[in-house]
Amino acid sequence: MAHAGTFCFYEEIEFLIKSGLIKGGSLENAVVIRDDAVLTSEPLRYSEEFVRHKILDILGDLALVGRPVLGHIIAIKPSHTANCELARQIVTQMRKPLVAAQTFAPPPPAGTTMSATDATGIAQLVRQQGACLDVAQIMQIIPHRYPFLMVDRITKIEGNRVVGVKNVSVNEPYFQGHFPNHPIMPGVLQLEAIAQVAGILMLRQAENAGKLAYFMSAESVKGRKPVRTGDCILIEVELTKMRGKIGRAKGVCSVNGEPVSEAEVTFMVVDQEGQ
């Protein structure tokens, strides 16, 4: 199967090149189909080369499951989209016992210390409906530490929504250089606070237990009012979309009930190194 070259349609080439998707492609390692003609610099390696490469695609996409598939796979007009969806469905079935155990397991005893690599313990912690987390528990979920931990506690976790709190102290290290005579919390750090709370929300998903949420992008970022020393920021984040490893959330920071900043953030969930 490995020798079977990939193929594409002539009409797709311009789009693929502009999208940077076929940088290693040439007529020496790929076949181009135009109407009824097959464009290639050498004869096809197999009479059924197209079918062989489709099989190779299935093998590669199902390798994302992380375990060998002991089964007979029949595919009709397969594509990477369909293959990856099959892989997701298999992973969902694999995780059902873990999800059930996490759903019906009792909450951890008060004061229990859990390792950051204890995926089951972390999942139980953040999956509790209406859960409140102190700063020690937050640091068991996300990797941030002083002076870059921008959330002091989580006051509520419900469904796809989480509420966090950040107390802005005059002792914050950034006030030494950011308007020291007129201390205002930088807007970019309010964005970081939204991102950290959103990361906690994404890791609440059972399939993301023990993983990391990497920040990818921010859109519709708006600063409404300045945040000063002594303010208590309420950080409300709602997960709006989750597809595979990519999640999107909308966050709003407010002080005394008035919005001070907001943003839409996108994340990618990845395994921690060494796992």
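Here the structure is shown first, and the text comes after it.
Here is a short report on the structure shown in this document. (Residues numbered from 1 in each chain as written. Predicted model: local features only at pLDDT ≥ 70, side-chain atom pairs only at ≥ 80, totals over all residues. Heavy atoms only, no water.)

A separate point is the pairing of strand β9 (residues 258-270). Summarising the sheet, strand β6 (residues 212-223) and β9 pair through nine bridges and their orientation is antiparallel. Among the inter-strand pairings, K222 is bridged to a residue of β9, identified as E262. Examined bridge by bridge, strand β8 (residues 246-255) and β9 share ten bridges and lie antiparallel to one another. By the bridge assignment for β9, G247 is matched with F267. Between the end of β8 and the start of β9, which pair antiparallel, lie two residues, with N256 showing a positive phi angle near 55°. (Pairing = 2+ DSSP bridges. Helix = DSSP H or I, 4+ residues; strand = E, 2+ residues; numbered from the N terminus.)

Another point: helix α6 (residues 187-202). Its 16 residues place the ends of α6 23 Å apart at the C-alpha level, agreeing with the 22 Å of an ideal helix rising 1.5 Å per residue. Most of α6 sits out of view: 14 of its 16 residues are buried. (Expected span 1.5 Å × (residues − 1). Buried < 20%, exposed > 50% of the residue type's maximum accessible area, 1.4 Å probe, protein only.)

This paragraph deals with the side chain of H53. Looking at the element boundaries, H53 is found in helix α2 (residues 49-62). For H53, a relative accessible area of 11% gives the class buried.

Taken together, the side chains of E11, E12, D35 and D36 define an acidic patch exposed on the protein surface. Given the relative accessible area of 54%, E11 is considered exposed. (Patch = residues over 30% accessible without salt bridge, like charges linked within 9 Å, V, L, I, M, F, W, Y side chains within 5 Å. Areas by Shrake-Rupley, 256 points an atom, 1.4 Å probe, with all protein chains shown as cover. Salt bridge = Lys/Arg side-chain N within 4 Å of Asp/Glu carboxyl O. Lys, Arg positive; Asp, Glu negative; His and termini not counted. Charge placed at Lys NZ, Arg CZ, Asp CG, Glu CD.)

What follows deals with the pattern of salt bridges. By the definition in use, this model includes eight salt bridges. The salt bridge involving E236 is made with R161; its shortest N-O contact spans 2.6 Å. Placement of E236 in strand β7 (residues 232-243) and of R161 in strand β5 (residues 161-167) is noted, with a sequence separation of 75 residues between them. Taking relative accessible area as the criterion, E236 reaches 27% and is therefore assigned partly exposed. Residue R161 is classed as partly exposed on the basis of its relative accessible area, which comes to 33%. Salt bridges sharing partners connect three or more residues here, namely E219, R248 and E264.

This part is about the sheet that holds strand β3 (residues 37-39). Taken in spatial order, the three strands line up as β1-β2-β3 in an open sheet, and their pairing is mixed. Unpaired on one side and paired on the other, β1 (6-9) and β3 mark the two borders of the sheet. The average angle at which neighbouring strand axes cross in this sheet is 30°, direction not considered. Bridge count for β1 against strand β2 (residues 30-34) is four bridges, and the pairing is parallel. Looking at the pairing, T6 lines up with A30 of β2. (Axes fitted to C-alpha atoms, helices over the stretch in contact; angles between N-to-C directions.)

Strand pairing in a sheet takes place through backbone hydrogen bonds and is either antiparallel or parallel in direction. With antiparallel pairing, the six strands of this open sheet are ordered in space as β4-β5-β7-β8-β9-β6. Sheet topology places β4 (153-158) and β6 at the edges, where each strand pairs with a single neighbour. Shown here is a sheet whose adjacent strand axes are inclined to one another by a mean of 20°, direction ignored. Helix-sheet contacts for α6 involve β4, β5, β6, β7, β8 and β9, and the interaxial angle to β9 is about 50°. (Contact = heavy atoms within 4.5 Å.)

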